[in-house]
Structure formats: structure tokens, C-alpha cells
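# Summary of the model geometry
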Amino acid sequence: MAEQYAPGTWIMENSENFDEYMKAVGVGFAKRVIGNAAKPKQEISVDNGNWKIVTSTTVTSVVLEFELNKEFDETTADGRKVKSTCTVDGNKLITEQKGELDSTIIRDFTPDSFVMTLTAKGVTCTRNYKKQQ
């Protein structure tokens, strides 16, 4: 189901506890100020099992390309180098990031919105996105 709902352009509407999450993953003060002010857009496409997520703000753009259930190298938006694996469970796209600091990102899709939950070191952040029409 996630493959059905995920494709499209998504705009973040609100975010809870992002500053604490960024602290947990080691982001410094200056980057946290910029990160907290950003309203990211995610453009998601799925083609024959190949996923592409482009997350962009006025400051930066990060492209994530992967196949489900296959580990890949990822450089996170905050600069961490991790080994990631993405899986789908119903409406959820789950990304497990393994490195010096492990984290989990879950995108829980409906036809017109998704909730993105980021967790690291026991700190959880929730970000709500709406599909752009």
C-alpha cells in the first residue's frame, strides 16, 4: 500500500520535537536553527520497485534512491554516513539507519498525508506532511 500512496509531492505542515531529535543525532546549534526554520518538500517516486525521495528546502536538497530490502550507503541531511535498509509494512515505509548512531524513520502514508516519525537515542520527532495537489 505504501507504494500506492507514496508517489507525489509532499509539503511539511508541522513538526514536533525536531530540535531534540537533531540534538540526539549530534547536530550543532547553527544547523539546528536552520533545520527548525525549514519547511521541507519531499518528492517521492516509485518505478518497478526502485524508490526515489528528494527532500528539498531553500538551503539544501538530499536525494535518496534505493530498492526495498537492500542495504545501501546513505549520507543523511545532517552529514552522518550510515548503512540504510528500507522496507514496507502496509502503508509504512520504514528506514533503518545503522552507523555510529542508529536511527529509524517511519513514513506512514494515507492517500493525502503522511506522518514521518524519526527516532534516535530514545528521542522521537513527528513531522506531518500533506500531498500537494
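If you're wondering where the values come from, they're calculated on a predicted model, not measured in any experiment. (Residues numbered from 1 in each chain as written. Predicted model: local features only at pLDDT ≥ 70, side-chain atom pairs only at ≥ 80, totals over all residues. Heavy atoms only, no water.)

Here we take up the packing of aromatic side chains. When we look at a pair of aromatic rings, we describe it by the centre distance and by the angle of the planes. One pass over the full model with this rule turns up seven aromatic pairs. Their ring planes at 15 degrees and their centres at 6.4 Å tell us that F18 and Y21 sit as a pair that is stacked. Taken as a pair, F18 and Y21 lie in helix α2 (residues 18-24) at a separation of three residues, close to a single helical turn. In this structure F18 comes out as buried when scored by relative accessible area, which is 13%. By relative accessible area, Y21 is classed as buried at 4%. Summarising the aromatic geometry, the rings of F114 and Y129 are spaced 4.6 Å apart at their centres and angled 5 degrees between planes, so their arrangement reads as stacked. (Phe/Tyr/Trp six-rings, centres within 6.5 Å; stacked < 30°, edge-to-face > 60°. Helix = DSSP H or I, 4+ residues; strand = E, 2+ residues; numbered from the N terminus. Buried < 20%, exposed > 50% of the residue type's maximum accessible area, 1.4 Å probe, protein only.)

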